[in-house]
Amino acid sequence: MYKHYFDAWWPILLQPSPRSGGSWPKVTFLDAFAGPGRYETGEEGSPVFNLRGLLNHNHVDRMGLSRERVQLIFIEKDRATYEHLVKELYENFGPLDQLPVRVEVRCGEAGHDSERLLTELNAWGHPILGVFDSWGNVNTPLSVMARVAANPASEVIVTFGPNWFSRRKELNEDIVDGVFGGREYWTHVAAARDSEEMWRAWLDSYRAALQRVGFEYRLQFEVVPRTGQPLYLVYGTKHPRGVEVMKDAMWRVDKSDGMRFRDPRVRNAVALGQVSLFDDGEVIDPELLALVQQRLSQGPVSLEELGQWLLLETSQWRARDAKKAVQDLDGDGQVIIPAGRLTKASVVSLR
């Protein structure tokens, strides 16, 4: 998913801005939990595939790359892992100071060093993509997310590892306060008993936190990779175009990899994965139908408004998925639609 997302993100950001008289913007990519660069399975880590994807991008000739305006920051806490990452980057790309973009690899801790490094490298005031993919203890303060949100065209991706919710009692409460913006924003969800309700409540709380600091659009979902271990992800952006890019990336994931996505608001739905449901005439994903029914239960809505709700408020569904879902529900006699052709302006309601 990340590979597809980054592939689309770079050319959108790396182009002259009409708002600034056609000048080229400075862009910063921050990978706060960089990892070793390559895993024991031989799979490339995000620093390697992201830098390779940028340097070999199909549109690289039109992206105006330079060390002054494009920078990638990789932070890794563990000293041995950091040294492995430095070695891996050198073996793949040669001396980093000779690349057409600036690459900074630092041994540090995401929660403590992210803001400092963004300041040191003059990232503030320009587009930033911050990836906080920890697969463990989320410890980056909400104040950092707020500073990222204050920058134009900036986005964050934050993940919670599979054991984070069950291990919450082991965590430093002061750190959790910083992550959520205050104790009053998370203590009420810590009381959840059921494991399903627990991770759902934590994601809702963090999604609300990103909204408070300025990310107008937030997606939250559970990712189940082929390993079977879930990853809980919250994505924040200030522009609907960012949402479209993220969802397009999700739908481009190779279904043979076994990657599946699930929306937290749907309980007991089977996560079928990103398959070509609408092109091949297959059965509609029950999650999509459940979400559309939930939205219609709040009152009648036009097909266009329903599509926008799917795009901006659900984890994986797109605006164009609304029509097929409504048609399927209509076939089962569950909705009321105006007579004649179903159009964007058609108002749909539950029976």
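Residues numbered from 1 in each chain as written. Predicted model: local features only at pLDDT ≥ 70, side-chain atom pairs only at ≥ 80, totals over all residues. Heavy atoms only, no water.

K.L.:
With reference to specific residues and values, describe the sheet that holds strand β8 (residues 260-262).
P.N.:
Reading across the sheet, the 8 strands line up as β3-β2-β1-β4-β5-β7-β6-β8 and stay open at both edges, with mixed pairing between neighbours. The open sheet has two edge strands, β3 (102-107) and β8, and neither has a second partner. Each strand of the sheet is rotated relative to its neighbour by a mean of 15°, with strand direction disregarded. Two strands pair when backbone bridges link them, and strand β6 (residues 217-224) and strand β7 (residues 231-237) are joined in this way by 7 bridges, in the antiparallel orientation. Counterpart to Tyr217 in the pairing with β7 is Thr237. Strands β1 (27-31), β2 (70-76) and β3 of the sheet are contacted by helix α2 (residues 46-55), whose axis makes an angle of about 170° with β2. (Pairing = 2+ DSSP bridges. Helix = DSSP H or I, 4+ residues; strand = E, 2+ residues; numbered from the N terminus. Axes fitted to C-alpha atoms, helices over the stretch in contact; angles between N-to-C directions. Contact = heavy atoms within 4.5 Å.)

K.L.:
Just give me the short version of the confidence of the model for the protein, but keep the residues and values in it.
P.N.:
Across the protein, the average pLDDT comes to 85, with 84% of residues at or above 70. Long-range and interchain partners of residues 269-281, a stretch whose pLDDT sits below 50, account for 34 contacts in this model, where long-range means more than four residues apart. (pLDDT = per-residue confidence, 0-100.)

K.L.:
How would you summarise the sheet that holds strand β11 (residues 347-350) if you had to cite specific residues and measurements?
P.N.:
Taking strand neighbours across the sheet as the criterion, the 3 strands line up as β9-β11-β10 in an open arrangement whose pairing is antiparallel. Edge positions in the sheet fall to β9 (301-302) and β10 (335-336), since each of these pairs with one other strand and no more.

K.L.:
An account of the packing of helix α1 (residues 2-13) against helix α8 (residues 240-251) is requested, with residue identities and associated values reported.
P.N.:
At a minimum axis distance of 8 Å, the contact between α1 and α8 shows a crossing angle of 145°. Seen along the crossing, α1 lies across α8 with a hand that is right-handed. Residue-level contacts link His4, Tyr5, Ala8, Trp9 and Ile12 of α1 to Arg241, Gly242, Val245, Met246 and Ala249 of α8. A breakdown of the residues in the contact of α1 with α8 according to their chemical character gives 7 nonpolar, 2 polar and 1 charged. (Left-handed = near helix turned anticlockwise from the far one by under 90°. Nonpolar A, V, L, I, M, F, W, Y, C, P; charged D, E, K, R; others polar.)

K.L.:
Run through unusual backbone geometry, naming residues and quoting values.
P.N.:
Backbone geometry follows two general trends: most residues other than glycine have a negative phi, and most peptide bonds adopt the trans configuration. Phi angles above zero are rare outside glycine, and Asn122 is one such case at about 55°. When you line up the elements, Asn122 lands in the loop between α4 (110-120) and β4 (128-133). The phi dihedral of Ala153 is positive, around 55°, even though this residue is not glycine. For Ala153, the location among the structural elements is in the loop between α5 (142-149) and β5 (155-160). By relative accessible area, Ala153 is classed as partly exposed at 44%. (Buried < 20%, exposed > 50% of the residue type's maximum accessible area, 1.4 Å probe, protein only.)

K.L.:
Please set out the environment of Trp124 residue by residue, giving values where relevant.
P.N.:
The topology assignment puts Trp124 in the loop between α4 and β4. In sequence terms Trp124 and Asn151 are 27 residues apart; their C-alpha atoms lie 6.6 Å from each other. Among residues more than four places away in sequence, those in contact with Trp124 are Glu115, Leu118, Thr119, Arg147, Val148 and Asn151. Looking at Trp124, its side chain comes within polar contact range of the side chain of Thr119, at 2.8 Å. (Polar contact = N/O pair within 3.5 Å; in protein donor to acceptor, adjacent residues only side chain to side chain.)

K.L.:
Can you explain the packing of aromatic side chains? Please cite residues and give values.
P.N.:
Within the structure shown, the criterion is met by 10 aromatic pairs. Geometrically, the ring pair formed by Trp10 and Phe29 is tilted, given 6.2 Å between the ring centres and 50° between the ring planes. Here the residue Trp10 occupies a position in helix α1, and Phe29 occupies one in strand β1, the gap between them amounting to 19 residues. Across the pair, Phe29 and Trp10 agree in class, each one buried. Measuring from centroid to centroid gives 6.0 Å for Trp186 and Trp202, while their planes differ by 25°, and the two rings are stacked. One end of the pair, Trp186, is in the loop between α6 (173-180) and α7 (195-212); the other, Trp202, is in helix α7, and 16 residues separate them in sequence. The pair formed by Trp186 and Trp202 is uniform in burial state, with each residue classed as buried. Here the aromatic residues Tyr5, Phe6, Trp10, Phe29, Phe49, Phe74 and Tyr235 are joined through ring pairs into a cluster of three or more. The aromatic ring of Trp124 is capped on one face by Arg147, whose charged end is 4.0 Å from the ring centroid. The aromatic ring of Tyr185 is capped on one face by Arg212, whose charged end is 3.5 Å from the ring centroid. (Phe/Tyr/Trp six-rings, centres within 6.5 Å; stacked < 30°, edge-to-face > 60°. Lys NZ or Arg CZ within 6 Å of the ring centre and 35° of its normal.)

K.L.:
Lay out the packing of helix α9 (residues 286-296) against helix α10 (residues 303-313) in plain terms, naming residues and giving numbers.
P.N.:
Any two packed helices are characterised by how steeply their axes cross, that is the angle between the axes, and by the distance between the axes. At a minimum axis distance of 11 Å, the contact between α9 and α10 shows a crossing angle of 120°. Between α9 and α10, the crossing angle belongs to the class labelled oblique. Relative to α10, the crossing made by α9 is right-handed. Mapping the contact onto sequence places Leu288, Leu291, Val292 and Arg295 in α9 and Leu306, Trp309 and Leu310 in α10. (Parallel < 35°, antiparallel > 145°, perpendicular 65-115°, else oblique.)

K.L.:
I'd like a rundown of the pairing of β5, residues and numbers included.
P.N.:
Within β5, 6 of the 6 residues are buried, which leaves the element mostly enclosed by the surrounding structure. On β5, burial covers both faces: Glu155, Ile157 and Thr159 on one face and Val156, Val158 and Phe160 on the other are all buried. Two elements, β4 and β5, share 5 bridges in a ladder whose sense is parallel. Pairing of Val131 across the sheet is with Ile157, part of β5.

K.L.:
Kindly report on the environment of Leu312, identifying the contributing residues and their values.
P.N.:
Note that Leu312 resides in helix α10. Accessibility expressed as a relative area gives 14% for Leu312, which makes it buried. C-alpha separation for the pair Leu312 and Leu219, spaced 93 residues apart in sequence, amounts to 7.5 Å.

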